[in-house]
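# Close look at the chain arrangement
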Amino acid sequence: MTDAVLPALAETPAAPAAASLTAKTRRRRALAYVQAAPMAFVFAAFFLVPLLLTLIVSFWEYNEYEIIPSFTVQNYVDVFDGCLSVADPCTTVRTYLSTLKFCALTWAFTLLIGFTVAYFVAFHVRSATMQMALFLVCTIPFWTSNVIRMISWIPLLGRNGLVNDSLQGLGLIDRPIEGLLYSDFAVVLAFVHLNTVFMIVPIFNSMARIDRALIEAAYDAGASGWQTLWHVVVPLTKPGIAIGSIFVITLVMGDFVTVGVMGGQQIASVGKVIQVQMSALQLPAAAANAVVLLGAVMLMIVAMTRLIDLRKEL
């Protein structure tokens, strides 16, 4: 009998302990929800609600004088009007192709520059103080607005700007180069100038987490510098590259100020189309274009997250 009672006595305290553990877990979960509630409220108030309103307005009718809160899909029909023809792309397709061109070029240059700068800071700058100083140097341009930073290129790239005057003074050209300003080159240059830092920071964060022993092991195994970079550093930096790419692509796809200023109001982009429609008070049409743009950007982000599982990598 004693042998039968002892196991029961040994198991008796387990129930209160399990109940106490469950209560603690519930309190922790409740506290986590309470802590996340303010941010969730801000997210809903300033993102989800405006997004929902944009979606609703995109289905309203409008004319030259008023906006009519009546359901219609004509705004989306107008967006894709004539887009079924492959030989003659519609305005929407041409606009998206132009925007994607800027997006791809900006992404390529910012990735090249950002990876190079991040690699130098992460692996060649040993002092944490110096690393912080270099990051401050990267953020100094953000002390001024984007428009001022873009306008600062005009005295350099203009017909009588510093670049043309210098090239003519050196005898390299006979007349000013017209394509430096108000061109695709100027737009891409401004995009790279404005968005490179968004690629540097996440790539550096990924590189800073790489165990230096892996680099040493690669060299000990006979790998060259390029082999170590390609087979060790790049795979471990994929999360930072993906996050930086999301930042850059999102910013470029919706930008209209840079295209307008550096393109001389002559280059089309999706953001510019939406801005013009809003200026003309064609809000339902602008909302429809905004929803289509959001869908396109989300598809691009989903495609990148399919290639790299950010949750797993981070």
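Shown above is the structure to which this text applies.
Let me sum up the structure you'll find in this document. These numbers come from a predicted model, not from an experiment.

Calculation criteria
- Residues numbered from 1 in each chain as written.
- Predicted model: local features only at pLDDT ≥ 70, side-chain atom pairs only at ≥ 80, totals over all residues.
- Heavy atoms only, no water.
- Phe/Tyr/Trp six-rings, centres within 6.5 Å; stacked < 30°, edge-to-face > 60°.
- Helix = DSSP H or I, 4+ residues; strand = E, 2+ residues; numbered from the N terminus.
- Buried < 20%, exposed > 50% of the residue type's maximum accessible area, 1.4 Å probe, protein only.
- Lys NZ or Arg CZ within 6 Å of the ring centre and 35° of its normal.
- Core = buried A, V, L, I, M, F, W, Y, C linked by side-chain atoms within 4.5 Å.
- Contact = heavy atoms within 4.5 Å.
- Polar contact = N/O pair within 3.5 Å; in protein donor to acceptor, adjacent residues only side chain to side chain.
- Expected span 1.5 Å × (residues − 1).

### A word on the packing of aromatic side chains
What describes a pair of aromatic rings is the distance from one ring centre to the other and the angle between the planes of the rings. Here the structure, examined in full by the defined rule, presents 6 aromatic pairs. With 5.3 Å between their ring centres and 15 degrees between their planes, Phe59 and Phe71 make a pair best called stacked. Of this pair, Phe59 sits in the loop between α2 (14–57) and β1 (61–62) while Phe71 sits in the loop between β2 (67–68) and α3 (74–79), placing them 12 residues apart in sequence. Residue class for Phe59 comes out partly exposed when judged on its relative accessible area of 23%. With relative accessibility at 62%, the residue Phe71 sits in the exposed group. Their ring planes at 55 degrees and their centres at 6.5 Å tell us that Phe102 and Phe191 sit as a pair that is tilted. Here Phe191 lies in helix α9 (residues 184–208) and Phe102 lies in helix α4 (residues 91–123), a separation of 89 residues in the sequence. Across this residue pair, the class does not change: Phe102 and Phe191 are buried. Linked through ring pairs, Phe59, Phe71 and Tyr76 together constitute an aromatic cluster. A cation over a ring is seen here: Lys101 above Phe102, with NZ or CZ 5.1 Å from the ring centre.

### Quick notes on the nonpolar core
Core analysis: the biggest nonpolar cluster contains 54 residues, and Phe115, Ile203, Met207, Val233 and Met262 have the highest contact counts within it. Element by element, the count of residues in this core is highest for α9, at 12 residues.

### Quick look at helix α14 (residues 270–279)
Within the span of α14, buried status applies to Val270, Gly271, Lys272, Ile274 and Gln277. Buried residues along α14 sit against α4, α12 (238–254), α13 (257–262) and α15 (283–307).

### Re the side chain of Ser269
Mapped onto the elements of the fold, Ser269 is located in the loop between α13 and α14. Within polar-contact distance, the side chain of Ser269 engages the backbone nitrogen of Lys272 at 3.2 Å. If sequence neighbours within four positions are ignored, Ser269 has contacts with Thr95, Thr99, Asp255 and Val259.

### Notes on the side chain of Ser58
Here Ser58 is to be found in the loop between α2 and β1. Ignoring sequence-local partners within four residues, the contact set of Ser58 consists of Thr72, Asn75, Tyr76, Pro284, Ala287, Ala288 and Val291.

### A few points about α15
Across its 25 residues, α15 extends 36 Å between first and last C-alpha, which sits within 8% of the 36 Å expected from 1.5 Å per residue. Turning to α15, its buried residues number three or more, namely Pro284, Ala285, Ala286, Ala287, Ala288, Asn289, Val292, Leu293, Val297, Ile301 and Met304.

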